[in-house]
Amino acid sequence: MTDGLRVTIWNEGRHEQIHEAVQKVYPDGMGNTIAKGLQTYGYKTQVFTFDDPEHGLTDEVLSQTDVLTWWGHMLHNDVQDAVVDRVQKYVLNGMGLLVLHSGHESKIFKRLMGTTCDLKWREATDTERIWVSDPGHPIADGIGDFIELPQEEMYGEPFYIPTPDHQIFISWFEGGEVFRSGATWTRGRGKIFYFRPGHETYPTYHNPQVIKVIANGIKWAAPNPGASISVERHRKVPIETLKAK
Ligand code: ZN
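Structure report, in brief.

Rules and cut-offs
Residues numbered from 1 in each chain as written. Predicted model: local features only at pLDDT ≥ 70, side-chain atom pairs only at ≥ 80, totals over all residues. Heavy atoms only, no water. Donors = N, O, S within 2.8 Å, 3.2 Å for Na, K, Ca; no water. Helix = DSSP H or I, 4+ residues; strand = E, 2+ residues; numbered from the N terminus. Buried < 20%, exposed > 50% of the residue type's maximum accessible area, 1.4 Å probe, protein only. Core = buried A, V, L, I, M, F, W, Y, C linked by side-chain atoms within 4.5 Å. Pairing = 2+ DSSP bridges. Axes fitted to C-alpha atoms, helices over the stretch in contact; angles between N-to-C directions. Contact = heavy atoms within 4.5 Å. Expected span 1.5 Å × (residues − 1). Arc of directions from axis to C-beta. Salt bridge = Lys/Arg side-chain N within 4 Å of Asp/Glu carboxyl O.

**Things to note about the coordination of the zinc ion**
Ideal values for angles at a metal depend on the geometry: 109.5 degrees with four tetrahedral donors, 90 or 180 degrees with six octahedral donors.
Right, so step 1: Donor atoms from the polypeptide that coordinate the zinc ion comprise His-101 (NE2), Glu-153 (OE) and His-199 (ND1), at 2.0 to 2.1 Å from the metal.
Right, so step 2: Between consecutive donors of the zinc ion, the numbers of intervening residues give the motif H-x51-E-x45-H. Of this pair, Glu-153 sits in the loop between β7 (146-149) and β8 (154-156) while His-199 sits in the loop between β11 (190-195) and α7 (208-221), and the two are 46 residues apart along the sequence. Each member of the pair, Glu-153 as well as His-199, is classed as buried.

Take a look at the structure:
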C-alpha cells in the first residue's frame, strides 16, 4: 500500500475507438486497464483521454496530481501546446511523470528531454525479455531477473535520449535488437520514468509484472516536500553587511 498517492492516468484513447484489434485487447480502454491493475497498490487514480476538454489536464486536475502517466501515439501532434506547457510547469515543480511506450514521441517527453527521442521499431512477432540492469533500484522492487512478454512491438537502439540518471531495464528482442527500456531523469523538482512495453494490440497492461513496475515507478516519482525556497529572485538586501568599498 502506498498511502493514497494521487495518480492521473492519461491515455490518448483513440486506437480503442477505431481499431477492432485494440478493442478486443482493451475493451475498457488502456487507461482503465492500467487503473484497474493499480487498484491493489492503494493509489487514487483517475483516467483522462485526448477527447476530454483540455485533454483532461486542467490546472484543477494537475494541481491535485502527484504522478501523471502518459500513453499517446496517433495524436501526439494534436495535443494542445498550452496543455504541454502546463504539464511541463507541473513537472518542473515536482509532479512525477511516467512516460509509457509510444509516449516516447509525445510533445511533453521530447520537450523535457530536449532530444528527438527517436528509435528503431518493428511490429512483428518478437518475444521481449525486459532484463533488470539495476536490481537495487526501487523501480525494480519485486521483479525477478527479467519480465518476458511473449509478443511485443520491437523498439531498438539507438534511442535518442539524453544519458539517463538511472538505467533500470534493458530489453532484448527475439529479432536481435536491444533497447534501454526503463530509465529515469530529473527535471527541476520533477522525476521522470520512461518504461517501454505497451503496444496497443498486445495484452501488455494485463501483465501483473508490468503493472508492478508502473506501480513502483509511481511510488518513486512521487513528489518530495523539498526545500521551501522564497519566490523573490532579486536578492537586493544581502544576508551579511557588505563592506564599503
Ligand atoms: Zn506501439
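**Some remarks on the nonpolar core**
Side chains that are nonpolar tend, in soluble globular proteins, to be buried together.
Right, so step 1: The biggest cluster of nonpolar side chains holds 37 residues, and the ones touching the most others in it are Leu-38, Phe-169, Phe-193, Tyr-205, Ile-214 and Ile-218.
Right, so step 2: Sorting elements by how many residues they give to this core places α7 first, with eight residues.
Right, so step 3: If you look at the next biggest cluster of nonpolar residues, it comprises 34 residues, including Leu-68, Trp-70, Met-95 and Tyr-155.

**Points about the sheet that holds strand β6 (residues 128-132)**
Right, so step 1: Across the sheet, nine strands lie side by side as β2-β1-β3-β4-β11-β10-β9-β6-β7; this open sheet has mixed pairing. One side of each edge strand has no neighbouring strand; the edge strands of this open sheet are β2 (44-49) and β7. Within this sheet the neighbouring strands show an average axis-to-axis angle of 15°, counted without direction.
Right, so step 2: Bridging between strand β1 (residues 6-11) and β2 involves six bridges; their strand directions are parallel. Bridged to Thr-8 within β2 is Gln-46.
Right, so step 3: Contacts between helix α3 (residues 30-38) and the sheet are confined to β1, β2, β3 (67-71) and β4 (96-100), with β1 contributing the most and set at about 155° to the helix.
Right, so step 4: Where helix α5 (residues 81-92) meets the sheet, its contacts fall on β3, β4, β10 (178-187) and β11, and the angle it forms with β11 comes to roughly 115°.

**As for α5**
Right, so step 1: Between its first and last C-alpha atoms α5 spans 16 Å; for twelve residues at 1.5 Å apiece the expected length is 16 Å, and the two agree.
Right, so step 2: Every buried residue of α5 is listed here: Val-83, Val-84, Arg-86, Val-87, Tyr-90 and Val-91. Relative to the axis of α5, the buried residues are bounded by an arc of 160° and lie together on one face.
Right, so step 3: In this structure, the buried residues of α5 make contact with α4 (59-62), β3, β4, α6 (107-113), β10 and β11.
Right, so step 4: Looking one or two residues past α5, Gly-94 carries a phi angle of roughly 125°, positive in sign.

**Section: the pattern of salt bridges**
Right, so step 1: Taken as a whole, this structure holds twelve salt bridges when the rule is applied.
Right, so step 2: With its nearest N and O atoms 2.8 Å apart, the salt bridge here joins Asp-51 to Arg-14. Here the residue Asp-51 occupies a position in the loop between β2 and α4, and Arg-14 occupies one in the loop between β1 and α1 (15-18), the gap between them amounting to 37 residues.
Right, so step 3: Asp-51 gets classed as partly exposed once you look at its relative accessible area, which sits at 45%.
Right, so step 4: Counted as one network, the salt bridges with shared partners bring together Arg-122, Asp-126 and Glu-177.

None of the figures reported here should be taken as evidence of function without further support.
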